[in-house]
Amino acid sequence: MKIKFTKMHGCGNDYIYVNAMQYTIADPAKAARLWSDRHRGIGSDGLVLLDRSSVPEADFSMRIFNADGSEAMMCGNASRCIGKYVYERGLTDKTTVCLLTLSGIKTLNLHVVDNIVESVTVDMLAPVLENERQFIPSQEPQQGVFVSMGNPHYVIFTDDVDAVTSIGPVLEQHPAFPERCNIELAQVLADGRIRTRVWERGSGVTMACGTGACATAVAAAITGRASRQSQIVMDGGVLTIRWDESDGHVYMTGPAAFAFDGEIEY
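What counts, and where the lines are drawn
- Residues numbered from 1 in each chain as written.
- Predicted model: local features only at pLDDT ≥ 70, side-chain atom pairs only at ≥ 80, totals over all residues.
- Heavy atoms only, no water.
- Phe/Tyr/Trp six-rings, centres within 6.5 Å; stacked < 30°, edge-to-face > 60°.
- Helix = DSSP H or I, 4+ residues; strand = E, 2+ residues; numbered from the N terminus.
- Buried < 20%, exposed > 50% of the residue type's maximum accessible area, 1.4 Å probe, protein only.
- Lys NZ or Arg CZ within 6 Å of the ring centre and 35° of its normal.
- pLDDT = per-residue confidence, 0-100.
- Contact = heavy atoms within 4.5 Å.
- Arc of directions from axis to C-beta.
- 1 Å grid on protein atoms, 1.4 Å probe; cavity = no way out; pocket = protein on both sides within 12 Å on 5 of 7 lines; lining within 4 Å.
- Points joined across faces, edges and corners; volume = space filled by probe spheres on them.
- Nonpolar A, V, L, I, M, F, W, Y, C, P; charged D, E, K, R; others polar.
- Disulfide = S-S within 2.5 Å.
- Salt bridge = Lys/Arg side-chain N within 4 Å of Asp/Glu carboxyl O.

Description of the packing of aromatic side chains
All chains considered together, the criterion is met by four aromatic pairs. Ring centres of Phe 146 and Phe 177 lie 6.1 Å apart, and the angle between their planes is 20°; this geometry places the pair in the stacked category. Placement of Phe 146 in strand 10 (residues 145-148) and of Phe 177 in the loop between helix 3 (164-172) and strand 12 (182-188) is noted, with a sequence separation of 31 residues between them. We classify Phe 146 as buried; its relative accessible area is 1%. Relative to Phe 177, the ring of Tyr 154 lies with its centre 5.5 Å away and its plane at 55°, an arrangement referred to as tilted. Remark: Phe 177 occurs in the loop between helix 3 and strand 12 and Tyr 154 occurs in strand 11 (residues 152-157); sequence separation between them is 23 residues. For the residue pair Tyr 154 and Phe 177, the accessibility class agrees, reading buried in each case. One aromatic cluster in this structure is built from Phe 146, Tyr 154 and Phe 177. Above the ring of Trp 243, the side-chain terminus of Arg 228 is found at 4.1 Å from the ring centroid.

A short note on the confidence of the model for the chain
Averaged over every residue, the pLDDT of the chain is 94; residues scoring 70 or more account for 95%. Contacts from residues 138-142, a stretch scored under 50 in pLDDT, to residues over four places away or in other chains number 12 contacts.

Some points on helix 3
Among the residues of helix 3, Val 164, Ile 167, Gly 168, Leu 171 and Glu 172 are the ones counted as buried. The arc that holds the buried residues of helix 3, viewed along the axis, is 120°, so those residues lie on one side. Turning to helix 3, the residues buried within the fold contact strand 11, strand 12, strand 13 (194-200) and strand 14 (204-206).

Considering the layout of surface pockets
Any empty space left between the atoms is revealed when a probe the size of a water molecule rolls over them. Volume-wise, the largest pocket comes out at about 170 Å³. Lining the largest pocket are Lys 4, Phe 5, Thr 6, Tyr 17, Val 18, Asn 19, Gln 22, Tyr 23, Tyr 85, Leu 91, Asp 261 and Gly 262. Those elements giving two or more residues to the lining of the largest pocket turn out to be strand 1 (2-10), strand 2 (13-19) and strand 18 (257-265). Of the residues in the lining of the largest pocket, the class split is six nonpolar, four polar and two charged.

What about the side chain of Thr 216?
Mapped onto the secondary structure, Thr 216 falls in helix 4 (residues 210-222). For Thr 216, a relative accessible area of 0% puts it in the buried group. Not counting residues within four places of it along the chain, the set of residues in contact with Thr 216 comprises Val 155, Phe 157, Glu 184, Ala 186, Ile 194, Thr 196 and Ile 232.

Notes on unusual backbone geometry
In this structure, Cys 11 is a non-glycine residue whose phi angle is positive, near 55°. One can find Cys 11 in the loop between strand 1 and strand 2. A relative accessible area of 5% means that Cys 11 is categorised as buried. Here the phi dihedral of Arg 180 falls at roughly 70°; this positive angle occurs in a residue that is not glycine. Along the chain, the position of Arg 180 falls in the loop between helix 3 and strand 12.

A closer look at the state of the cysteines
When the sulfur atoms of two cysteines share a covalent bond, that bond is a disulfide. Throughout the structure, instances matching the rule amount to zero disulfides. Of all cysteine sulfurs in the structure, the one in Cys 209 sits closest to Cys 75, which takes part in no disulfide; the separation is 6.4 Å.

Topic: the pattern of salt bridges
Using the criterion set out here, one finds 15 salt bridges in the structure. Two residues, Arg 89 and Asp 261, come together in a salt bridge whose shortest N-O distance is 3.2 Å. With a gap of 172 residues between them, Arg 89 in the loop between helix 2 (76-88) and strand 6 (96-101) and Asp 261 in strand 18 connect regions that are remote in the sequence. Asp 235 is the salt-bridge partner of Arg 197, the closest N and O atoms lying 3.1 Å from each other. One end of the pair, Arg 197, is in strand 13; the other, Asp 235, is in the loop between strand 15 (229-234) and strand 16 (237-243), and 38 residues separate them in sequence. Residue Arg 197 is classed as buried on the basis of its relative accessible area, which comes to 15%. The network of salt bridges with shared partners includes Lys 7, Asp 14, Arg 38 and Asp 45.

Next up, the structure:
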C-alpha cells in the first residue's frame, strides 16, 4: 500500500513524519532504514510516528526511529515539528500541547502568528548528571561532561568542533556508554554563543540536535562557561536554551518547518 508522509525539519534536523492514527507501520525500524536512505529512499535522519496518547495526561504520542533503525527516547527538534504539524494540520487548536515520548511527557508551547506556528518552546524537563560517566577520552585532553536529557549526551569543550566527525563514531561506541551515546563538541564564541556540532547515535553527524543543544547548555552552565541561558549555534541554525533555576527544567525554543508531502510504497 501507499503511505502518505510529511518531511519536516528543525534547524535542518530532518525526519519523515507519518500519522500513525491513519497508517499502521508494522516494522518501523525497517521502514526507517529504507526511507532514511538519502540515495535510495526519501532521505532523512529518521522516522517519526505521530499517534494518539495511551495516557490521559498527554494529547499525542511520538515514537522516533533513527536512520539505522534504532529507536530513540526523545528528539527535541522532532517534538517541535510535531507541535507545528498537529496545529497547522488541524489535529488540535491548542497552543499548549502535551506529547508522550519514551522519556516522559513533554509540554510544547506553540508561538502562533496568523495561524502559523513560528516557533515552539519545549519543556525538556530536568537534566540528569551522572558523574561516574565523566571520563577522559584518549582523543581529547579535556574532560567531557555527561548529561542525560532523556537520552545520553557527552559534551566536550574544544577549539576544534569539526573533529566530531572522527571523535563521534569512536565515543558513541565507547565501553563507558553501553547504550551508546550522542557526542557534542562545543566551543564558546567571543559573543557568548556556543558553537556546537553533534554526532547522534544511530544517525551520525546531523544539522542540529535539540537534546544535544540542551545538554551543551547545561554542561556550559555547570562548568562556568556560560549562564543558565545560552544560544546554541548548530550547523542548521540557532536554538535558545534556558535552564530555569526555579523548577530545574530546561526549556528549548526554536523553529520548525515543513519541507514537502509525499507518498511511498510500503
